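Below are the chains, spelled out letter by letter.
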Amino acid sequence: SMASPEDRQAFENQWLGYTETYGHPELREEIAATYETAKADDILCFAGAEEGVYAAMRVLLDREDHAIVVVPNYQAAETIPLEICAVSGVPLNPEESWALDIDRVKNQLRPNTKLISINFPNNPTGAVLGRDRFDALVDLCRERGLYLFSDEVYRGVEGDPAIRLPQVGDVYERGLSLNVMSKAYGLPGLRIGWIMTREAPLLQKLERYKHYLSISNSAPSERLAIIALKNRERILERNRALVNANAEKLGTFFGDFPHRFEWRRPHGGCVGFPRYKGSEGADRFCEALVAETGVLLLPPKIYRSELMETPQDRFRIGFGRKNIDAGLNVLRHYLQRA
């Protein structure tokens, strides 16, 4: 319904042979338009964000290298590089709204450090790095010649657009910006992700590695992604409104049970990381809840980190869907009975 007559005709008459490994030229043009400085030649498409993470880590890192990863994280950010080389974690500080201490990053640097991996808005905390710290991190990477891999899949659904960070690929010549149609755009079924970087030889290596993975993207998905990106402001506005409304509902809900939960509204994204204060612990609470009601919260035991201790009294809750009231009502009745 959002398609122009030309885009609808292109979709309905889409040839179902192999597509280009880099991604359809028109798709890459539309993706490039979401950046300040990118050209289509700076974009390489993948089958979702996960393939982009995997390819980047495999191409950039060797056994002799060292990488630094922010914790907590989207788990592939640490598990994939850990299969390749030495990895150090730097924790976000819950006492400072999950801020990243740049001095702690500096303290983890080694002579063989090659890459720093970040994720803001962060999954699962929803933290957005302050602009001064973001700039300091870019300066640090530039000074040391490090790659900065930035998972930006929740960019666009910040609670306050004023805190939105630049995309790393726009501001740093050795930056890699990862994004996808799945998160902020809410279209995970398309399986269209991408990496933007201005380092052309690196992008070529990534393209060659993709030949061992998906080879090319789904042609119908590329056409649908083109239509979505042409309507990106309409889609993002809808999704921001949904996420902000759901965050308000969660705030009200957790406020009604202060003896059970500690809640801080995330700055961005649609995942929260509340602390559970009940005596049985967060794991048992989540297990009993899904067994007795069917409401699924993600317990801390399935999100351990190989790099450092992670909070064992916090669980992950998603609030990116429009039917959140049904789940909250069941959860409320469960807590009231308990």
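Data block above holds the structure.
Residues numbered from 1 in each chain as written. Predicted model: local features only at pLDDT ≥ 70, side-chain atom pairs only at ≥ 80, totals over all residues. Heavy atoms only, no water.

### Section: the overall build of the chain
Tallying secondary structure elements over the chain gives 12 helices and 11 strands in all. Expected size for 338 residues packed as a compact globule is a radius of gyration near 20 Å; at 21 Å, the chain falls within 12% of this value. With respect to the three principal axes, the spread of C-alpha positions in the chain is 55 × 55 × 35 Å. Put simply, 71% of the contacts in the chain that link residues at least 6 apart link residues at least 24 apart. In the form shown here, the chain has an accessible surface area of approximately 15,600 Å², with 48% of it arising from carbon and sulfur atoms. For the chain, the distance from the average site of its 43 positive side-chain charges to the average site of its 47 negative ones is 3 Å. (Helix = DSSP H or I, 4+ residues; strand = E, 2+ residues; numbered from the N terminus. Rg over C-alpha atoms; globule rule 2.2 N^0.38 Å. Contact = heavy atoms within 4.5 Å. Areas by Shrake-Rupley, 256 points an atom, 1.4 Å probe, with all protein chains shown as cover. Lys, Arg positive; Asp, Glu negative; His and termini not counted. Charge placed at Lys NZ, Arg CZ, Asp CG, Glu CD.)

### Some remarks on the packing of aromatic side chains
All told, the structure shown has 14 aromatic pairs when counted by the stated rule. Relative to Tyr212, the ring of Tyr209 lies with its centre 6.3 Å away and its plane at 55°, an arrangement referred to as tilted. You can call Tyr212 exposed: its relative accessible area is 70%. An aromatic cluster of at least three residues, connected via ring pairs, comprises Phe253, Phe254, Phe257, Phe261, Trp263, Tyr276, Phe285, Phe315 and Tyr334. The positively charged end of Lys210 is found above the aromatic ring belonging to Phe46, 5.9 Å away from the centroid. Over the ring of Tyr303 we find Arg316; its NZ or CZ atom is 3.8 Å from the centre of that ring. (Phe/Tyr/Trp six-rings, centres within 6.5 Å; stacked < 30°, edge-to-face > 60°. Buried < 20%, exposed > 50% of the residue type's maximum accessible area, 1.4 Å probe, protein only. Lys NZ or Arg CZ within 6 Å of the ring centre and 35° of its normal.)

### A look at the sheet that holds strand β1 (residues 43-46)
Within a sheet, adjacent strands bond to each other through the backbone by hydrogen bonds, running parallel or antiparallel. An order of β1-β7-β6-β5-β4-β2-β3 is seen for the 7 strands of this open sheet, with the pairing classed as mixed. Among the strands making up the open sheet, the edge pair consists of β1 and β3 (86-91). Neighbour-to-neighbour, the strand axes of this sheet turn through a mean angle of 20°, independent of strand direction. As judged from the 5 bridges shared by strand β4 (residues 113-119) and strand β5 (residues 147-151), these two strands associate in the parallel manner. Bridge pairing in β5 places Ser117 opposite Phe149. Across the face of the sheet, helix α2 (residues 25-32) comes into contact with β1 and β7 (193-196) while running at roughly 110° to β1. Of the strands in this sheet, β1, β4, β5, β6 (175-180) and β7 are in contact with helix α3 (residues 49-60), which crosses β6 at around 160°. (Pairing = 2+ DSSP bridges. Axes fitted to C-alpha atoms, helices over the stretch in contact; angles between N-to-C directions.)

### As for the pattern of salt bridges
In total, this model carries 22 salt bridges according to the counting rule given. When the shortest N-O distance is used, the salt bridge between Arg174 and Glu199 registers 3.5 Å. Linking Arg174 in the loop between α7 (168-171) and β6 with Glu199 in the loop between β7 and α8 (200-210), this pair joins segments that are 25 residues apart in sequence. The exposure class assigned to Arg174 is partly exposed, which follows from its relative accessible area of 26%. One salt-bridge network, in which partners are shared between bridges, spans Asp7, Glu26, Arg223 and Lys230. (Salt bridge = Lys/Arg side-chain N within 4 Å of Asp/Glu carboxyl O.)

### As for the environment of Ala247
For Ala247, the position within the fold is in helix α10 (residues 232-255). Separated by 52 residues in the primary sequence, Ala247 and Pro299 have C-alpha atoms spaced 20 Å apart. Contacts of Ala247, omitting those with residues within four sequence positions, involve Arg265 and Phe319.

### Focus on unusual backbone geometry
With omega at -10°, the peptide bond leading from Phe120 into Pro121 counts as cis. As for its position among the elements, Pro121 is in the loop between β4 and α6 (131-144). With an omega of 25°, the peptide bond running from Asn123 to Pro124 counts as cis. Take Pro124: it is sitting in the loop between β4 and α6. With a phi close to 60°, Trp98 is a non-glycine residue in the positive phi region. Relative to the helices and strands, Trp98 is located in the loop between β3 and α5 (102-108). Even without being glycine, Arg191 reaches a positive phi, approximately 55°. Relative to the helices and strands, Arg191 resides in the loop between β6 and β7.

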